[in-house]
Amino acid sequence: GLGLAVSSTGQVAVVGQVTGTLNGAPNGAMNSNETGQADQTDSFTTLYDASGNEVWTDRRGATLQDQANQVTFSADGSTVYVAGQAQGSMPGSSVNPQGGYDGYIEAFQTSATGTPHAVFTQSFGTAGQDSPKGIAVDGNNLFTASVESGHAVLRSYDISSGTPVLS
């Protein structure tokens, strides 16, 4: 685990990276070598209810290394927002990789069947090495703080439409 957040309703989200199998993750190892063994890190997000029971675990991965670094909740606790870094495109991202490690943001909600549903995934960054260092949500604004090619970068996204729009 690399990040932890507690919602206003007492839910807990943990994010991080994993190599190999991950209990509770329906998609299993995302990155594997020719023998089928996982050899690259994947990002994971796990949501626990206020009593500490696991609600769901989601494992997502780019074609190479990736990890989830930061996590936060919407004010009402219904959406989990994740920031991470990946070598290559994360599933669902509409932005092509820029090079090295790129940053990404994702939003998850719990479906009616109790499984995770990715609301959006979007990559950002430079041709160098990029790493998200913080994420926060204030109403319809999602903020990321990152280090990109050695420079501090603060981004603000309008998420009122359900899709992040850089503002």
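Residues numbered from 1 in each chain as written. Predicted model: local features only at pLDDT ≥ 70, side-chain atom pairs only at ≥ 80, totals over all residues. Heavy atoms only, no water.

A. Geometry of the side chain of Ser43. Summarising the element assignment, Ser43 is placed in strand β3 (residues 42-48). There is a polar contact of 3.4 Å between the side chain of Ser43 and the backbone nitrogen of Ala68. Looking at Ser43, its side chain comes within polar contact range of the side chain of Tyr104, at 2.7 Å. (Helix = DSSP H or I, 4+ residues; strand = E, 2+ residues; numbered from the N terminus. Polar contact = N/O pair within 3.5 Å; in protein donor to acceptor, adjacent residues only side chain to side chain.)

B. Summary view of the sheet that holds strand β2 (residues 12-18). Strand order across the open sheet formed by four strands is β1-β2-β3-β4, with antiparallel pairing between neighbours. In this open sheet, the two edge strands, each paired with only one partner strand, are β1 (3-6) and β4 (54-60). On average, each strand axis in the sheet is tilted by 15° relative to the strand beside it, whichever way the strands run. The pairing of β3 with β4 spans six bridges and is antiparallel. Paired with Phe44 across the two strands is Arg59, which belongs to β4. (Pairing = 2+ DSSP bridges. Axes fitted to C-alpha atoms, helices over the stretch in contact; angles between N-to-C directions.)

C. Geometry of the nonpolar core. Ranked by size, the top nonpolar core spans 15 residues in total, and within it Val71, Phe73, Val80, Val82 and Tyr104 carry the most contacts. The set of elements that each furnish at least two residues to this core consists of β2, β5 (66-73), β6 (79-86) and β7 (102-110). In contact with Val71, not counting residues within four places along its chain, are Gly3, Leu4, Ala5, Ala13, Val15, Val80, Tyr81, Val82 and Ile135. Counting residues in hydrophobic clusters, the runner-up holds 10 residues, among them Phe120, Phe124, Ile135 and Leu142. (Core = buried A, V, L, I, M, F, W, Y, C linked by side-chain atoms within 4.5 Å. Buried < 20%, exposed > 50% of the residue type's maximum accessible area, 1.4 Å probe, protein only. Contact = heavy atoms within 4.5 Å.)

D. Main features of the sheet that holds strand β12 (residues 165-166). Pairing within the open sheet is antiparallel, and its four strands lie in the order β9-β10-β11-β12. With partners counted over all chains shown, the strands left at the sheet margins are β9 (130-138) and β12, one partner each. Where β9 lies against strand β10 (residues 141-148), eight bridges are found, and the strand directions are antiparallel. For Ile135, the partnering residue across the bridge sits in β10 and is Thr144.

E. How the structure looks around the packing of aromatic side chains. Under the counting rule described, the total for this entry stands at two aromatic pairs. With centroids separated by 5.7 Å and ring planes inclined at 50°, the aromatic side chains of Trp56 and Phe108 adopt a geometry described as tilted. Taken together, the positions of Trp56 in strand β4 and Phe108 in strand β7 put the pair 52 residues apart, joining distant regions of the chain. Comparing Trp56 with Phe108 shows no difference in burial state: the two are buried. Measuring from centroid to centroid gives 6.3 Å for Tyr81 and Phe120, while their planes differ by 40°, and the two rings are tilted. Note that Tyr81 is positioned in strand β6 and Phe120 in strand β8 (residues 116-124), a separation of 39 residues in sequence. (Phe/Tyr/Trp six-rings, centres within 6.5 Å; stacked < 30°, edge-to-face > 60°.)

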